[in-house]
Amino acid sequence: MSKHSNIVILTGAGISAESGVPTFRTKGGETYWEVYEDDLVPKYHRVEDVCTPEALAADPVLVHRFYDMRRAALAAVQPNAAHQALARLDRSWSGDLLIVTQNVDDLHERAGARRLQHMHGELNSALCAACEARAPWPDPMPPGQPCAMCKQPALRPDIVFFGEVPYGMERIEEALAGCDLFVSIGTSGAVYPAAGFVQLARRFGAETLELNLERSAGSGWFAQSRLGPATQLVPAWVDETLAD
Ligand code: NAD
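Residues numbered from 1 in each chain as written. Predicted model: local features only at pLDDT ≥ 70, side-chain atom pairs only at ≥ 80, totals over all residues. Heavy atoms only, no water.

A.B. asks: Break down the site of the ligand for me, citing the residues and quoting the values.
C.D. replies: Q102, V104, D105, T187 and S188 are the nearest of the 27 residues found near the ligand. Contacts to the ligand include H120, whose side-chain N or O atom sits 2.8 Å from an oxygen atom. Burial of the ligand by the protein chains amounts to 93% of its free accessible area of 850 Å². Residue contributions to the shell around the ligand peak at four residues, all from helix α1 (residues 13-17). Here the residues of the shell around the ligand are counted per class, giving eleven nonpolar, twelve polar and four charged. When residues of the shell around the ligand are sorted by domain, at least three fall in each of domain 1 (7-20 + 79-120 + 166-243) and domain 2 (22-76 + 124-159). (Near = heavy atom within 4 Å. Polar contact = N/O pair within 3.5 Å; in protein donor to acceptor, adjacent residues only side chain to side chain. Areas by Shrake-Rupley, 256 points an atom, 1.4 Å probe, with all protein chains shown as cover. Helix = DSSP H or I, 4+ residues; strand = E, 2+ residues; numbered from the N terminus. Nonpolar A, V, L, I, M, F, W, Y, C, P; charged D, E, K, R; others polar. Domains from an automatic or database assignment.)

Spelled out as structure tokens, the structure:
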């Protein structure tokens, strides 16, 4: 690829798959999340049952338990070669760079990436539904946990549920408007607004590259698609980009 100066990278669940963090599963048109509970038997949760404000209001015990399980599973996995390659790019790239992740895991930052925007929130963070204060939260979170700031029993996982507005959209749109290369890694292109970033980047004249295990729903929008596992494709692309 030709020389670039400003890069926006969008990552999705696929970049963390080889670390052992499950991606979405789709069956009969419904989307599921798989989590392992104490008995190590996988349980499948429909997205609607665990990832909407309505689900949290209707069954806070189930929703909190689901995120407790995912938080515990996250503590047991490590960043992989793809996260490490992006952290290396972040350290070495003198132009503008923004890694926008849809992931709620912390594997990018554990690998050392700093120019990072979590657009769908973070598993290890708590959000107060009453005063909007945030706090680091690596532990289980029982429903009705009081907020340290306003004392209301209103802490919830700091996750952007379906129907809620993603974080950092102004920063992301500004970065997309200024980038000359947009790279999408390990995302199915099914969840908006992230799925529309490639179109926005193209409109601003950026080159576009997709790195994914298989062709995604949005593949047709990319000038180039490279297919394969992230742990192989991403380090190779970073080497190529830094050598450019
Ligand atoms: P997705 O599960 O819908 O799609 C994952 C994509 O990654 C697929 O296209 C798949 O082919 C690809 N993939 C799988 N393994 C790969 C590998 N080893 N290398 C490269 N590509 C691989 O995920 P999404 O597009 O991110 O969107 C779903 C939503 O799910 C997002 O909102 C995200 O917040 C959430 N999610 C996050 C995590 C996480 O934090 N790690 C995990 C699951 C889902």
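A.B. asks: Residues and numbers for the sheet that holds strand β5 (residues 97-101), please.
C.D. replies: Strand pairing in a sheet relies on backbone hydrogen bonds. The paired strands run either parallel or antiparallel. If you walk across this open sheet you meet the six strands as β6-β5-β1-β10-β11-β12, and the pairing is parallel. Edge positions in the sheet fall to β6 (116-118) and β12 (224-227), since each has one partner strand and no second. Here the average twist between neighbouring strands, direction ignored, is 15°. Sheet topology note: the strand β1 (residues 7-11)/strand β10 (residues 181-185) ladder contains five bridges and is parallel. Across the sheet, residue L10 finds its bridge partner in β10, namely S184. Seen against the sheet, helix α9 (residues 230-243) touches β1, β10, β11 (207-212) and β12 and runs at an angle of roughly 150° to β11. (Pairing = 2+ DSSP bridges. Axes fitted to C-alpha atoms, helices over the stretch in contact; angles between N-to-C directions. Contact = heavy atoms within 4.5 Å.)

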